[in-house]
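Coordinate inspection notes
Residue strings, one per chain:
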Amino acid sequence: MTPAPLLDSIRKPADIRGLAPAELESLAGQMRQRIFEAVSTNGGHLASNLGVVELTIALHYCYDFGPYPGGPDWLMFDVGHQCYPHKMLTGRAGQFGTLRKRGSIAGFPVPEESPYDLFAVGHAGTAISTAVGMARGSQQQGKNNHVVAVVGDASIVNGLAFEGLNNAGTLKRQMLIILNDNGMSISQPQGAFSEYLERVRVSTTYEEFKRFSEKIVHRLPTTVGHAIEHAWDALCSSVKSAMWAGQMFEAMGIKYMGPIDGHDLPGLINFLAEIKHVDKPVVLHVKTQKGNGYEITKNEPTKFHSPAAFRVEGSPLVQNGCRVEINKGTGKNWTTAFADAAIAVAKRDSRVVTLTAAMPDGTGLSKFEKEIPERFIDTGICESHLVAMAAGMAKTGLRPIAAVYSTFIQRAFDQVWQEVALNKLPVIFALDRAGYVGDDGAVHHGFCDLAFLRPLPGMTLIAPTDEAELNRALRLSLKLDTAVAIRYPRDNVPTCNFEEEVLPELREQASGEWELGKSRMLIRHDGEADATLVVYGALAGSVLTAAELLSADGVKVDVVDARFCKPIDGAMLARVLRPGHPVLTVEDHSLENGFGSAVLEYANSHRLPTDQITRLGMPDRMIVHMTRKEQLTEVGLDPAGIVSSVKQAIERAGERSDVAPMPAERYV
Ligand SMILES: Cc1ncc(C[n+]2csc(CCOP(=O)(O)OP(=O)(O)O)c2C)c(N)n1
Ligand SMILES: CC(=O)[C@@H](O)[C@H](O)COP(=O)(O)O
Ligand SMILES: [Mg+2]
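Reference entry: report on the structure contained in this document. This structure is a prediction, so every number in the text was calculated from the model and none was measured. (Residues numbered from 1 in each chain as written. Chains lettered and ligands numbered in written order. Predicted model: local features only at pLDDT ≥ 70, side-chain atom pairs only at ≥ 80, totals over all residues. Heavy atoms only, no water.)

Side note on the site of ligand 1
In the vicinity of ligand 1 lie 23 residues, with H81, G122, S155, K290 and E383 positioned nearest. In this structure, G122 approaches ligand 1 through a main-chain N or O atom, which is 2.8 Å from a nitrogen atom. Contact distances for ligand 1 include 2.9 Å between an oxygen atom and a backbone N or O atom of A154. For ligand 1, whose unbound accessible area comes to 580 Å², protein coverage reaches 98%. In terms of residue class, the shell around ligand 1 is built from nine nonpolar, 10 polar and four charged. Here the shell around ligand 1 spans two domains, and each of domain 1 (6-13 + 20-287) and domain 2 (334-501) adds at least three residues to it. (Near = heavy atom within 4 Å. Polar contact = N/O pair within 3.5 Å; in protein donor to acceptor, adjacent residues only side chain to side chain. Areas by Shrake-Rupley, 256 points an atom, 1.4 Å probe, with all protein chains shown as cover. Nonpolar A, V, L, I, M, F, W, Y, C, P; charged D, E, K, R; others polar. Domains from an automatic or database assignment.)

Section: the site of ligand 2
If you check the shell around ligand 2, you find 13 residues, and the closest are Y405, R433, D440, H444 and R490. Contact distances for ligand 2 include 2.8 Å between an oxygen atom and a side-chain N or O atom of R433. A total of 360 Å² of accessible area belongs to ligand 2 in isolation, and the protein chains cover 90% of it. The residue inventory of the shell around ligand 2, partitioned by class, reads four nonpolar, six polar and three charged. Each of two domains, domain 1 (6-13 + 20-287) and domain 2 (334-501), supplies a minimum of three residues to the shell around ligand 2.

Examining helix α6 (residues 127-140)
Taking 1.5 Å per residue as the helical rise, α6 with its 14 residues ought to reach 20 Å, and the 20 Å between its terminal C-alpha atoms agrees with that figure. Those residues of α6 lying buried are A127, I128, A131, V132, M134, A135 and S138. Burial along α6 is one-sided: seen end-on, the buried residues are contained in an arc of 165°. (Helix = DSSP H or I, 4+ residues; strand = E, 2+ residues; numbered from the N terminus. Expected span 1.5 Å × (residues − 1). Buried < 20%, exposed > 50% of the residue type's maximum accessible area, 1.4 Å probe, protein only. Arc of directions from axis to C-beta.)

Description of the coordination of the magnesium ion (ligand 3)
D153 (OD), N182 (OD1) and M184 (O) make up the full set of protein donors to the magnesium ion (ligand 3), lying at 2.0 to 2.2 Å. As a motif over one chain, the donors of the magnesium ion (ligand 3) read D-x28-N-x1-M. In this pair, D153 sits in the loop between β2 (147-152) and α7 (159-168) while N182 sits in the loop between β3 (175-181) and α8 (192-202), placing the two residues 29 residues apart along the sequence. (Donors = N, O, S within 2.8 Å, 3.2 Å for Na, K, Ca; no water.)

The quantities given are spatial measurements derived from coordinates; they are silent on function.
Encoded structure:
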């Protein structure tokens, strides 16, 4: 990392309060450079963080966000992907060289990492509610901690954020909501409120506000907050236009101020110092630029929202004379495979519509939108609404494909149950990022979708092993009249085509379409196998590699591709679960109520032997940020780990099953 002496001298927020205005500006420059270098080296969230450098400096300059629980002021981030400047000012600037690497700082706030991080977050819409909770807690205990929540313009439209605003309006004490409005989500923000903010930004009112707020913030008297309240009220009463964004907040009992310039550091400091003493809830609308500071990030905030590591080389190809190559990795990933499969089925079936909750690029649906724009909907960060709307669309005879990360469908669980499953409506859920996600860490792992979907009557649960199977899964799903969830990871699809390369006889078996609840054999030894591996989903590649390694050691294993977790293939289980024969289930899901649990439950209810079943999956503990490969290796889901588990299971097969407890580490 380029030396940044001023930044590297900051050990705690108080260290910036002695800096002169010019020093604060150069601190901002050094922070931007450190952020840019850290993300270009390691990957991470870039544009959002570049946009909040001045805002974060001003907040830490005006408030005393000390280590929790001391405070005395408390700062919450919504989503938390924009926390890098906050981490730099709270003593972690020196660790950005290894951002999101194993053992280094996370890309989101993590209380275990620092007492300056109050909540572990990563899912949008929560900060207002937690801030209201902390404000009420402080008030209940007779204290007066200042509470601040930073919320983005795309996150504030989330239903939970609206619930928070609704309750914040009843607070009889200070609480500051910073609406960080950069006019962007990951892609274009969606919905009426986003359009409203856009109109405010471009309306004459905005210009009036901007001119006036520049006057106010630079000539504030040193009196407490009342002066600014009166001055602001005077301004607002003079504004005739209905464009005023504040009316929505004011109607909810929350004073609205702004928009003010989020890159004007002196102005921000003046303004924040003043409104700190306003003893009622305030929304401060701050206008920022996503990617501010670098041409390539300002001009392409979506591309640089959360890029993988990239290299910037002098070249005329891209703005500002910089050619940027983002390390996209090699091979085709599951996201692209899904997009291609969705386009293929949509071209054959006019009932198909696709939906995303503000993740068109992440889910691959931006590719679908280019091909069939009229059958693509981006709801913004509104997963619950998306699922309920999909149910409504299915009710009319359409076949919605809801592409939502596994971790984000958690937000809409009740709509998956009530609107979709209870009403027996044929919505297809494409759950990307199922399993370990790598650098985003624990907050984003898709670890529990089976756990909450399995109990839903009528739900079909599928996990394809490769791209051809993903296409078959989608085609089968469209033939069913009930809900289906298809899960796949943040990874590349296996390069090997199992039919071609593993078992030629699979060709006739696999080339046919899927039958509901039917698995397939990937490797078969006609009854002479020493053990059987039953894999659910994309870890099939690792399982086949493990089988090859075992075969080299003279160990024969059959490999079953389960394909279905619900309905599970009972005939297959009746074949493989035989007395004394080790069976290992393998899944990229929590061991708690995952695929292996489904196998155990089926075996138990059908009086099949369970004592030789070993379940391999995500253990019941937090796995933090590192690469997905490291995460899988950490928990024994890599080929070597699977080989070792098979050998242990074979060894144990000879012992009495009642004396071989599950290894303790599975339950820590
Ligand atoms: C519930 C949920 N859905 C989707 C996401 C994915 N996501 C992360 S950041 C982001 C956009 C946030 O936009 P905004 O709040 O305006 O912040 P900005 O990046 O513009 O600073 C989205 C959709 C998420 N983190 N949480
Ligand atoms: C902050 C957030 O939730 C998203 O930016 C997420 O980190 C994207 O994840 P992928 O990089 O896996 O698309
Ligand atoms: Mg935004």
